[in-house]
Amino acid sequence: MQLTQTHDSGDNSMAQAKTLTTTEIERLLAHINTRKYAARNRSMMLLTHWAGLRVGEVACLRWSDVTTTDGQIKDEIRLLPDMTKGRHARTVFVSAKLKAELRAYAEQAKCVDRSFPFFASQKSIRAGFNANSLAQTFALLYEGAGLEGASSHSGRRTFLTNLANKGTAIHILKTLAGHRSISTTAAYLYSSPSQLKAAVELV
């Protein structure tokens, strides 16, 4: 499987990333559940699908970013400028279902030091992922689930497309994505042939 670079422009590699259906996400999670590090990998993957984080942003997270001092999962994750692609800070809102996934992982992983990576690599709890190694991990998980065409962009694109399809205004999508331009956000959105057909029937 060819890996897609983790930059965030509106180029062909991003535009071609597969947008997953609910059924495909369930298939992906079912596959992850059969593998080692299931709770960790579910949480990493769902941060992209359910909160729209970039892979590099997931890799940067520390325990102090995700949890409070008493060990609770935060309602909002603050990404500092040096954690984001465009070096623009933003707030990531954590849904109830994502919070449950992160809590299940955190309870199993156990925080040793709040400055350590939230997602430890197989090597040590001090060593996290970088954007490329996490993109490779995602590629293997997508491939194992039989989701051809999925890449490290897929979760973020799926997140934005699903919200758009439910009527979320594009300026809200832009803010959630941390984009500086609505045109960048628009490049992420996917319209299926059935949606396009339904649209012309409205005329």
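Scroll up to find the structure.
Residues numbered from 1 in each chain as written. Predicted model: local features only at pLDDT ≥ 70, side-chain atom pairs only at ≥ 80, totals over all residues. Heavy atoms only, no water.

**Regarding the pattern of salt bridges**
In total, this model carries five salt bridges according to the counting rule given. Among the salt bridges present, the one from E24 reaches K18, with a minimum N-O distance of 3.1 Å. By relative accessible area, which is 13% here, E24 ends up buried. One salt bridge connects R90 with E57, and the closest N-O pair in it is separated by 2.7 Å. You can see R90 sitting in strand 2 (residues 90-93) and its partner E57 sitting in helix 4 (residues 55-60), a full 33 residues away along the chain. Grouping residues by exposure puts R90 and E57 together as buried. Salt bridges here are not isolated pairs; linked through shared partners, they connect R54, E57 and R90. (Salt bridge = Lys/Arg side-chain N within 4 Å of Asp/Glu carboxyl O. Buried < 20%, exposed > 50% of the residue type's maximum accessible area, 1.4 Å probe, protein only. Helix = DSSP H or I, 4+ residues; strand = E, 2+ residues; numbered from the N terminus.)

**Focus: the nonpolar core**
Grouped together as the largest cluster of nonpolar side chains are 39 residues, with contacts concentrated most on L28, L47, L61, L102, F118 and F119. When residues in this core are grouped by element, the largest group, six residues, is from helix 3 (residues 38-51). Not counting chain neighbours up to four residues away, the residues in contact with L47 comprise G52, L53, V58, L61, I77, L98, L102 and F119. Counting residues in each nonpolar core, the second largest holds five residues, with F159, L160, L173 and Y188 among its members. (Core = buried A, V, L, I, M, F, W, Y, C linked by side-chain atoms within 4.5 Å. Contact = heavy atoms within 4.5 Å.)

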